[in-house]
Amino acid sequence: MLSVIACNVLEDEVRHLGADLPHIREFIFMPQGLHNEPIRLQRELQAAVDRAESTFTGESRRLHYLSVPPSAALPAVRLLGEAGLVERARVVMEKPFGT
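Structural notes, computed from the coordinates.

**Some details on the layout of surface pockets**
Empty space within the largest pocket amounts to approximately 1,800 Å³. Surrounding the largest pocket, 47 residues form its lining, Ile 5, Ala 6, His 64, Tyr 65 and Leu 66 being those nearest its centre. Of all the elements in the fold, those that place two or more residues in the lining of the largest pocket are strand 1 (2-7), helix 1 (11-18), strand 2 (24-30), helix 2 (38-53), strand 3 (62-66) and helix 3 (70-82). Of the residues that constitute the lining of the largest pocket, the class distribution is 31 nonpolar, nine polar and seven charged.

**A short note on the nonpolar core**
Judged by nonpolar contacts, the single largest core of 14 residues is most densely connected at Met 30, Leu 45, Leu 80 and Leu 85. If near-sequence neighbours (up to four positions away) are discounted, Leu 45 is found in contact with Ile 5, Met 30, Leu 80 and Leu 85. Counting residues in each nonpolar core, the second largest holds five residues, with Ala 6, Val 14, Ile 24 and Phe 27 among its members.

Definitions and limits used
Residues numbered from 1 in each chain as written. Predicted model: local features only at pLDDT ≥ 70, side-chain atom pairs only at ≥ 80, totals over all residues. Heavy atoms only, no water. 1 Å grid on protein atoms, 1.4 Å probe; cavity = no way out; pocket = protein on both sides within 12 Å on 5 of 7 lines; lining within 4 Å. Points joined across faces, edges and corners; volume = space filled by probe spheres on them. Helix = DSSP H or I, 4+ residues; strand = E, 2+ residues; numbered from the N terminus. Nonpolar A, V, L, I, M, F, W, Y, C, P; charged D, E, K, R; others polar. Core = buried A, V, L, I, M, F, W, Y, C linked by side-chain atoms within 4.5 Å. Buried < 20%, exposed > 50% of the residue type's maximum accessible area, 1.4 Å probe, protein only. Contact = heavy atoms within 4.5 Å.

See below:
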């Protein structure tokens, strides 16, 4: 089972793509613009991950799928590390268009 955490900018697309996928347990949408507030982003992302993981029994694993410009890639991964979200995790970086 999966919990999907995404920016609310993508809510319509994520819900549409996940509508027919039976293995998605829940969608959690984060407020837009948190990338401009790293401390708040870290706090709210950790709370969303904790909420999602509390619904699972046994060990969970995390997949971070990031679509950020190249200049933000390393800061994004560092933020995940500082938030304690890299344990039992994989990070997938999407190459943005035009780069």
